[in-house]
Amino acid sequence: MARMKFLCDAERCIECNGCVTACKQEHDIPWGVNRRRVVTINDGVPGERSISVACMHCSDAPCMAVCPVDCFYRTEEGVVLHDKDLCIGCGYCFYACPFGAPQFPQMGAFGVRGKMDKCTFCAGGPEKNTSEAEFKKYGRNRLAEGKLPACAEMCATKALLGGEGEVIADIYRERVTKRGKGGDVWGWATAYGRPDAPKQPAAPAGGAKS
Amino acid sequence: MNRQALTVVAGVALALGLAGCGERPQVVEYKQGVYQGKPDTPPYDAAPFNGNKTEWERSIRTRNQNQNEYKRTS
């Protein structure tokens, strides 16, 4: 199976926050933690666009690279997950993430940030699949139930697509071809693009200089 | 009597001392760049799929295609 990806079509997102609500309800997310949120660019200006943002489960995830306790792992399906028993809540992943995905509950006794919480692509975590312990720590494991993320499946306008990368890219391609506009996918290259090739030094003009 | 008590004390001290040798390291040694947490299982391992990967993939594929409204309405 190909790797799982998210894709948000800014031409279709109507900022209804259905994805945010679906996520909150599905995983019983506490107050103050937002695994998914809707960002509006140029709000109130003609041509404004809204995008649903959460962890994109990057191909080369920066959170994995910076974690000092190496609590992140990538599943067979390409979903980036983490072990909350190991997380020390340092917040490095928050600074590294280009999407602002890592969330830290701040309701503890000392008002400090707790263990990191983020979108799991509805794939739970390193506990027994669909167990009570998994639900409490990571939320519902819809993938183990043969379902896709709640946010994408609940999206009324199908602006948010989630699933196998090739399939959702095909769906989007067909959509762009039919409507004839809006081919840019926000965040896609950042999350799934290849790292920039090293720049070649420019050839000096007018021959070599010492 | 005094000697017997001394032997008992020495025996207890020896037993306690040796027990310390059997102590397991309690500090986690991190290996840079390697996942240190608990292992996870594939999503199709538990019920309702019980290890049937093909069936699980079929379910995911169907749900994937449900997101394509062009196919749903035609």
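Residues numbered from 1 in each chain as written. Chains lettered and ligands numbered in written order. Predicted model: local features only at pLDDT ≥ 70, side-chain atom pairs only at ≥ 80, totals over all residues.

Asks: I would appreciate a short explanation of the overall build of chain B in the present structure.
Replies: Helix and strand content of chain B: three helices and zero strands. Listed by position from the N terminus, the elements making up chain B come as α-α-α. (Helix = DSSP H or I, 4+ residues; strand = E, 2+ residues; numbered from the N terminus.)

Asks: Would you take a moment to explain the overall build of chain A for this structure?
Replies: Looking only at helices and strands, chain A features seven helices and six strands. Written out in order from the N terminus, the α and β elements of chain A read β-α-β-β-α-β-β-α-α-α-β-α-α. For chain A, the residues scored as buried account for 40% of the 210 residues in total. Put simply, 56% of the contacts in chain A that link residues at least 6 apart link residues at least 24 apart. (Buried ≥ 20, exposed ≤ 12 C-beta atoms within 10 Å, placed from the backbone. Contact = placed C-beta atoms within 7 Å.)

Asks: What is the right way to read the interface of chain B and chain A from this model?
Replies: Quite often, the size of an interface is put as the accessible area lost when its parts meet. Contacts between the two partners involve 25 residues from chain B, matched on the other side by 32 residues from chain A. Taken together, the residues that form the side of chain B that touches chain A break down as 11 nonpolar, eight polar and six charged. (Nonpolar A, V, L, I, M, F, W, Y, C, P; charged D, E, K, R; others polar.)

Asks: Hey, could you run me through the nonpolar core in this one?
Replies: A general feature of soluble globular proteins is that nonpolar side chains tend to end up buried together. Core analysis: the largest hydrophobic core is formed by 54 residues, its most contacted members being F72(A), C151(A) and L160(A). Excluding residues within four positions of it along the chain, L160(A) makes contact with F6(A), C8(A), C19(A), S52(A), C151(A), A152(A) and C155(A). (Core = buried A, V, L, I, M, F, W, Y, C linked by C-beta atoms within 7 Å.)

Asks: Just to check I follow, could you spell out the environment of G183(A) for this structure?
Replies: With respect to the helices and strands, G183(A) occurs in the loop between α6 (165-179) and α7 (188-192). A sequence separation of 173 residues divides G183(A) from A10(A), and the C-alpha atoms of the two residues are 9.6 Å apart.

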